[in-house]
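# Analysis of the macromolecular model
Each chain, written out:
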Amino acid sequence: MLKRILIKASGEMLGGTGGYGLDQDSLLTLAKYLKQAHDTGVQLGIVIGAGNIMRGTSAQYLTRTKADSAGMLGTAINAIVLQDILQQEFQLDCIVLGAFSIDGMFQQSSPQLLDTYFTQKKVVIFAGGTGAPYFSTDTAGVLKALEINADLMIKVTKVDGVYDKDPHQFPDAKKYDFISYQEVLAKKLNVMDFTATSLAMENNLPIRVVNLSGDNLVSIINKKSIGTLVSSCE
Ligand code: UDP
């Protein structure tokens with residue numbers, strides 16, 4: 001069984017129709033799967049995106065750095081909302097740590113705090129991405145997975161793995177069980193941005209891409225081959 005994992009969930013998984021805003025059913029669904037994962041005994045770090053609130057690259061009417069700041073604050077909104085649902089509905093002991101602190105809401109992450117909270121068996125939700133503009137929460141996911149020494153990063157998406165083309169548009173799209181970082185980069189596959197993929201490649205962090213259905217997360221924690229593995233070798 002895996003001991004420590006980092007789950008990266010995009011903001012749109014919290015959104016309602018069209019993936020925007022905050023939707024109670026979507027939140028409860030994500031929280032239910034996270035609780036299932038936690039119940040295996042694995043140590044859990046979570047990075048949450050903010051595509052349901054703000055994506056820097058989509059807000060071309062704004063200065064990029066300001067739009068990115070708004071995006072990072074969006075991840076903070078998602079993090080505290082997810083923390084509340086996990087605590088109130090599923091009695092999960094979890095803490096939010098940020099790339100920056102917000103007084104009265106959450107502290108800035110540090111190796112010492114991470115150590116303390118993981119020793120206390122808390123779920124750690126990371127807010128604020130990397131804390132810098134021009135990055136994505138996928139990159140933050142890889143970064144945090146490396147910082148906490150996770151065995152694996154699981155990227156949960158609406159699709160059940162990595163395909164050679166968009167499976168919604170092309171019925172003949174082929175799903176990979178395994179794909180190397182190099183191939184993801186060379187084929188410009190829409191898995192993660194280049195920065196996130198390169199950082200994972202440089203540090204040999206394996207990533208599994210899956211959707212949330214059945215007991216996918218539990219199976220992965222029990223080392224079953226679900227979704228697509230992105231790694232340097234099979
Ligand atoms: N963002 C940023 N720096 C980071 C992480 C995120 O500036 O380290 C901003 C950026 O504008 C991004 C937005 O926050 O578009 C939301 O993150 P992302 O697009 O990764 O969210 P997701 O697609 O996972 O919901």
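Below is a short write-up of the structure. (Residues numbered from 1 in each chain as written. Predicted model: local features only at pLDDT ≥ 70, side-chain atom pairs only at ≥ 80, totals over all residues. Heavy atoms only, no water.)

Turning our attention to the site of the ligand. As a structural note, the neighbourhood of the ligand is formed by 20 residues, with G11, G51, D68, T130 and T137 the closest of them. Contact between the ligand and R55: an oxygen atom at 2.8 Å from a side-chain N or O atom of the residue. G56 is positioned such that a nitrogen or oxygen atom in its backbone is 2.8 Å from an oxygen atom of the ligand. The fraction of the free accessible surface of the ligand (520 Å²) that becomes covered by protein chains is 93%. When residues of the shell around the ligand are assigned to their parent elements, the largest contribution, 3 residues, is made by helix α2 (residues 64–90). A breakdown of the residues in the shell around the ligand according to their chemical character gives 6 nonpolar, 11 polar and 3 charged. (Near = heavy atom within 4 Å. Polar contact = N/O pair within 3.5 Å; in protein donor to acceptor, adjacent residues only side chain to side chain. Areas by Shrake-Rupley, 256 points an atom, 1.4 Å probe, with all protein chains shown as cover. Helix = DSSP H or I, 4+ residues; strand = E, 2+ residues; numbered from the N terminus. Nonpolar A, V, L, I, M, F, W, Y, C, P; charged D, E, K, R; others polar.)

So, on to the pattern of salt bridges. In a structure, side chains of opposite charge can pair up when their charged atoms sit close to one another. Summed over the entire model, instances satisfying the criterion amount to 8 salt bridges. Its salt-bridge partner being E147, residue K144 comes within 3.3 Å of it at the nearest N-O pair. Here K144 and its partner E147 are both found in helix α4 (residues 137–147), 3 residues apart, which amounts to about one turn of the helix. Overall, the relative accessible area of 45% leaves E147 in the partly exposed class. In this structure, the salt-bridge partner of K165 is D172, at a minimum N-O distance of 3.2 Å. (Salt bridge = Lys/Arg side-chain N within 4 Å of Asp/Glu carboxyl O. Buried < 20%, exposed > 50% of the residue type's maximum accessible area, 1.4 Å probe, protein only.)

Note that A173 resides in the loop between β7 (162–163) and β8 (175–176). Placed 34 residues apart in sequence, A173 and I207 show a C-alpha to C-alpha distance of 21 Å.

Further remarks concern the sheet that holds strand β4 (residues 107–108). Spatially, the 9 strands line up as an open sheet ordered β4-β3-β5-β2-β1-β6-β10-β11-β9, and their pairing is mixed. With one partner strand each, in any of the chains shown, β4 and β9 (178–180) form the two edges of the open sheet. Where strand β1 (residues 4–9) and strand β2 (residues 43–48) come together, 6 bridges link them in parallel fashion. Among the inter-strand pairings, A9 is bridged to a residue of β2, identified as I48. (Pairing = 2+ DSSP bridges.)

Right, let's get into the side chain of S180. Relative to the helices and strands, S180 is located in strand β9. Here S180 is in contact with V230 and S231, once residues within four sequence places are set aside. (Contact = heavy atoms within 4.5 Å.)

Most of strand β3 (residues 94–98) sits out of view: 5 of its 5 residues are buried. Here β3 shows a buried face lined by C94, V96 and G98 and a second buried face lined by I95 and L97. Direction of pairing for β3 relative to strand β5 (residues 123–127): parallel, over a ladder of 5 bridges. Opposite C94, over in β5, you have V123 as the bridge partner. Inspection of the sheet shows β3 paired to β4 by 2 bridges, in the parallel sense. Considered in β4, the bridge of L97 is made with Q107.

Before going further, it helps to spend a moment on the environment of I80. Along the chain, the position of I80 falls in helix α2. Excluding its chain neighbours within four sequence positions, the residues that come into contact with I80 are V96, M105 and F106.

What follows concerns the packing of α4 against helix α6 (residues 194–202). Each packed pair of helices is defined by two parameters, the angle between the axes and the distance between the axes. Here α4 crosses α6 at 20°, and the two axes come no closer than 7 Å. In this view, α4 runs roughly parallel relative to α6, as classed from their interaxial angle. Remark: the crossing between α4 and α6 carries left-handed chirality. Residues D138, T139, V142, L143 and L146 of α4 lie in contact with α6, whose contacting residues are T195, A196, L199 and A200. (Axes fitted to C-alpha atoms, helices over the stretch in contact; angles between N-to-C directions. Parallel < 35°, antiparallel > 145°, perpendicular 65-115°, else oblique. Left-handed = near helix turned anticlockwise from the far one by under 90°.)

Take the side chain of T157 next. By the secondary structure assignment, T157 is in strand β6 (residues 152–157). Residue T157 is classed as buried on the basis of its relative accessible area of 16%. Separated by 2.6 Å, the side chain of T157 and the backbone oxygen of V159 make a polar contact. Not counting chain neighbours up to four residues away, the residues in contact with T157 comprise M13, V209, V210, N211 and L212.

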